[in-house]
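Here is what each chain is made of, one letter per residue.
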Amino acid sequence: MRNQISLLLLLLFVVQVAKGQSTNSKIEQEMLIRADKAWSHAAKTNDMEKLWSFWEDEAIILMSVDVTLKGIDQIKRFTTQARTDPNFEISWEVQGAEVSEKGEMGYTYGIGKVQRTNEAGELIITTKPYLTVWKKLTDGTWKCKIEN
């Protein structure tokens, strides 16, 4: 797997140099997409520690006009409570990403799906676009700052 990633990064480098584009921003873009996919996998498989590791401590989730979660403690409570519903499932598919010129900030977007039981006991499935703002930490990891 590591050899495949190295080969992919080398190929990406060659293609970007040939196009005259910034190699670092394209590589960072791929790294950000990879982070978003790993995050979705953690959510889908209910790997809570891994799921929580993708949020910054001061992250914000814009749930609705009336509800905003602020900070990892509120996010942990919400994500834990959501999973008490036996019908709860969440997944998303990243469709693209952009990274700032300096590679310190970026965003991903795509389509997310949530399945849950509503107050009347009915199963509902919501599919909608998402946008996530990310910050790259000094250790090279990407963390979610704002999610909607």
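Description of the structure in this document. (Residues numbered from 1 in each chain as written. Predicted model: local features only at pLDDT ≥ 70, side-chain atom pairs only at ≥ 80, totals over all residues. Heavy atoms only, no water.)

1. A word on the nonpolar core
Step number 1: Membership of the largest hydrophobic core comes to 24 residues, with the highest contact counts inside it found for Trp 39, Leu 51, Trp 55, Ile 75 and Trp 134.
Step number 2: Of all the elements, helix H2 (residues 23-44) adds the most residues to this core, at six residues.
Step number 3: Dropping the residues within four chain positions of it, Trp 39 is found in contact with Leu 51, Phe 54, Trp 55, Trp 92, Thr 132, Trp 134, Cys 144 and Glu 147. (Core = buried A, V, L, I, M, F, W, Y, C linked by side-chain atoms within 4.5 Å. Buried < 20%, exposed > 50% of the residue type's maximum accessible area, 1.4 Å probe, protein only. Helix = DSSP H or I, 4+ residues; strand = E, 2+ residues; numbered from the N terminus. Contact = heavy atoms within 4.5 Å.)

2. Let's talk about the pairing of strand S1 (residues 55-62)
Step number 1: In terms of strand pairing, S1 meets strand S6 (residues 142-147) through three bridges, oriented parallel. When the sheet's bridge partners are listed, Ile 60 is paired in S6 with Ile 146.
Step number 2: Once S1 ends, the chain turns through five residues before running back antiparallel as strand S2 (residues 68-70). (Pairing = 2+ DSSP bridges.)

3. Brief notes about the sheet that holds strand S3 (residues 89-99)
Step number 1: Taking strand neighbours across the sheet as the criterion, the six strands line up as S2-S1-S6-S5-S4-S3 in an open arrangement whose pairing is mixed. Strands at the two margins of the open sheet, each flanked by one partner only, are S2 and S3. On average, each strand axis in the sheet is inclined to that of its neighbour by 25°, with strand direction left out of account.
Step number 2: Two elements, S3 and strand S4 (residues 105-117), share ten bridges in a ladder whose sense is antiparallel. Residue pairing across strands places Val 94 opposite Gly 110, the latter belonging to S4.
Step number 3: Those strands touched by helix H4 (residues 72-82) are S1 and S2, and its axis lies near 60° from that of S1. (Axes fitted to C-alpha atoms, helices over the stretch in contact; angles between N-to-C directions.)

4. What to know about the packing of aromatic side chains
Step number 1: Enumeration according to the criterion identifies six aromatic pairs in this entry.
Step number 2: When the ring of Trp 92 is compared with that of Tyr 130, the centres are 6.4 Å apart and the planes differ by 65°; the resulting orientation is edge-to-face. Linking Trp 92 in strand S3 with Tyr 130 in strand S5 (residues 123-136), this pair joins segments that are 38 residues apart in sequence. For the residue pair Trp 92 and Tyr 130, the accessibility class agrees, reading buried in each case.
Step number 3: The structure contains a cluster of three or more aromatic residues connected by ring pairs, namely Trp 39, Phe 54, Trp 55, Trp 92, Tyr 130 and Trp 134. (Phe/Tyr/Trp six-rings, centres within 6.5 Å; stacked < 30°, edge-to-face > 60°.)

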